[in-house]
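Coordinate inspection notes
Each chain, written out:
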Amino acid sequence: MIGSNLNDHLVRQASEFIPGGVNTSLRRVEPRLVFTRAAGAIITDADGKDYIDYHAAFGPIILGHNFEAVNRRAIEAMETIDLIGTGTTELEIELARKICRHIPSAEKVLFCNAGSEATYQAIRLARAVTGRKKIIKFQGCYHGWHDSVAMNVISPPDKVGQMDPLSAGSLPEVLSHTIVCKFNSLEALEKAVAENRGHIAAIIIEPIPHNIGCVLPKPGFLEGLREISRLNGIVLIFDEVITGFRHGLGGYQKICGVTPDLTTLGKAMANGYPIAALCGKRELMERFNTNPGGDVFFAGTYNGHPAGCAAALATIEAMESQPVHDHVFRLGDKMRSGLKGIVDRLGIRATVAGFGSVFLTYFMEGPIENYSDLLRNDQQLMVMYRRRLVDRGIFKLPLNLKRNHISFSHTDQHVERTLQVAEDVLKEICKLPRRSASARN
Ligand SMILES: Cc1ncc(COP(=O)(O)O)c(C=O)c1O
């Protein structure tokens, strides 16, 4: 198809054969786009329009799109071995060794294909070792699509404090075994533990809840969580599917100095290739039936796939040998201070939040300690701002509360261009009539 309508044509085709035209619910956003190329910090749609990409596929892209060393390693692996599906490959051994070296809680590791599989197995293992059924999660955290955790992420105000499943068809019996607590409140956690003493198998948490942007743990919160779980024989699971490798080779646990019992990893671990991991204490991990005598079922046709393992090795090696984290943290700071300068100059009620390579602008004033605080965010304004950025070639997912990511392939020039466009868009928005609702005066 010639001309500028190829994108729209493909969008229509997609919906003909794929329900809604996308393969993950949150991929269906306006404007509807079909992407045909990705390189470095740039993604290109079917009409040939380039975007500076901050979506990063929900976080995996830490080095940049189509990072040569990662692709080369994956291709080499596939040309050498491909999938055997019995025994072990050298790639799995090398990758497991690397993860145990870097991640403080990792004494043993198992590989699977996606973060949801890793959190599913972590919870099943915790239930097996404790002989208990209930788990605790936190409002605003996302841990994948399975029934035990697929609830209470970006909940409508009337559902906060209630059960808010993400899906019809979830088993009520499973949902009822998950207790939802308020992030950053040790008081709420202690109360939940006391009311369910002897019944809680696991506490699962994103140490920084990035599924609602970036809410930082208050000093002492994660330490308190560790202590409460230790005192009550509860397995503490850090879901580092986003924070692991993106914020540092040792994950956020190395940065905050709190070591969980189990850790889930994925996303930035392999720069976009499908692999995830569950790691943790030896005595827990050895309960899996990959180990002789283990009684917790662990299986998957594609587990430890050579392409994913090779990509993860190349990604981690790039992080070990090049200043990846220095670069993304520096650009993250530059982006955040630039955005803060803009909203301050324009008198917009906003909070620029983030950590390291992650940043976003909430349209509200702080403090922001948990999801309830974020109910004050002007979501209409947030989505309008992002849609206008997308129109001008800056791709931030045009949805409420979504974080943005910087990669090793972003440059100072990308950040400066982004700030310039952000300022233009915010100036335009300030002139709109509804702006008065969000302005300081
Ligand atoms: C913190 C966290 N855990 C788990 C998952 C599930 O990972 P996946 O989508 O790879 O199944 C996600 C996905 O966004 C996540 O953000």
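Up top you'll find the structure we're talking about.
Read on for an overview of the structure. (Residues numbered from 1 in each chain as written. Predicted model: local features only at pLDDT ≥ 70, side-chain atom pairs only at ≥ 80, totals over all residues. Heavy atoms only, no water.)

A look at the sheet that holds strand β5 (residues 134–138)
Taken together, seven strands build an open sheet; the order of strands is β4-β10-β9-β8-β7-β5-β6 and the sheet is mixed. The open sheet terminates on both sides in strands that have one partner only, identified here as β4 (108–112) and β6 (178–181). Here the strands of the sheet are splayed against their neighbours by 20° on average, with no regard to which way each runs. Strand direction decides the pairing type here: β5 and strand β7 (residues 200–205), joined by three bridges, are parallel. Residue pairing in the sheet places K134 in a bridge with I200 of β7. (Pairing = 2+ DSSP bridges. Helix = DSSP H or I, 4+ residues; strand = E, 2+ residues; numbered from the N terminus. Axes fitted to C-alpha atoms, helices over the stretch in contact; angles between N-to-C directions.)

Here's the deal with helix α13 (residues 379–391)
In an α-helix there are 3.6 residues to a turn, and that puts residues three or four apart on one side. Given a rise of 1.5 Å per residue, 13 residues ought to cover 18 Å, and the 18 Å separating the end C-alpha atoms of α13 matches this to within 8%. Within α13, the full set of buried residues consists of L381, M382, M384, Y385, R386, L389 and V390. Buried residues along α13 sit in contact with β3 (50–53), α11 (324–346), β12 (358–362), β13 (394–395), β14 (404–405) and α14 (412–431). G393 sits one or two residues past α13 and shows a positive phi near 90°. (Expected span 1.5 Å × (residues − 1). Buried < 20%, exposed > 50% of the residue type's maximum accessible area, 1.4 Å probe, protein only. Contact = heavy atoms within 4.5 Å.)

Looking at the packing of aromatic side chains
Under the definition given, this model contains eleven aromatic pairs. Between the aromatic rings of Y54 and F359, the centroid separation amounts to 5.4 Å while the plane-to-plane angle is 85°, which identifies the pairing as edge-to-face. Taken together, the residues Y54 in the loop between β3 and α2 (68–80) and F359 in strand β12 connect sequence positions 305 residues apart. When sorted by exposure, Y54 lands in the same class as F359, which is buried. Consider the rings of F363 and Y385, whose centres lie 5.4 Å apart with planes at 75°: the pair is edge-to-face. Separated by 22 residues along the polypeptide, F363 in the loop between β12 and α12 (371–374) and Y385 in helix α13 bring together distant segments of the chain. Each of the two residues, F363 as well as Y385, counts as buried. Here the aromatic residues F35, Y51 and F395 are joined through ring pairs into a cluster of three or more. (Phe/Tyr/Trp six-rings, centres within 6.5 Å; stacked < 30°, edge-to-face > 60°.)

Looking at the environment of R27
Its place among the elements puts R27 in the loop between α1 (6–17) and β1 (35–39). Placed 218 residues apart in sequence, R27 and F245 show a C-alpha to C-alpha distance of 24 Å.

Quick notes on the nonpolar core
Core analysis: the largest hydrophobic core is formed by 61 residues, its most contacted members being I136, F138, L189, L225, Y362 and Y385. Counting residues per element, this core draws most heavily on α14, at seven residues. Sequence-distant contacts of L225, defined by excluding residues within four places in its chain, comprise F138, L186, L189, I203, I205, L236 and F238. Counting residues in each nonpolar core, the second largest holds 33 residues, with F67, V109, M269 and A311 among its members. (Core = buried A, V, L, I, M, F, W, Y, C linked by side-chain atoms within 4.5 Å.)

Observations concerning the pattern of salt bridges
One side chain can pair with another of opposite charge once the charged atoms of both are near each other. Tallied over the entire structure, the rule returns 22 salt bridges. Two residues, E68 and R72, come together in a salt bridge whose shortest N-O distance is 3.4 Å. Within this pair, E68 and its partner R72 are both found in helix α2, separated by four residues, close to a single helical turn. By relative accessible area, which is 43% here, R72 ends up partly exposed. Note that E227 is salt-bridged to R230, the shortest N-O span being 2.7 Å. Of this pair, E227 and R230 both sit in helix α7 (residues 221–231), separated by three residues, roughly a single helical turn. By relative accessible area, E227 is classed as partly exposed at 35%. Because the salt bridges share partners, they merge into one network encompassing R330, K334, D412 and E416. (Salt bridge = Lys/Arg side-chain N within 4 Å of Asp/Glu carboxyl O.)

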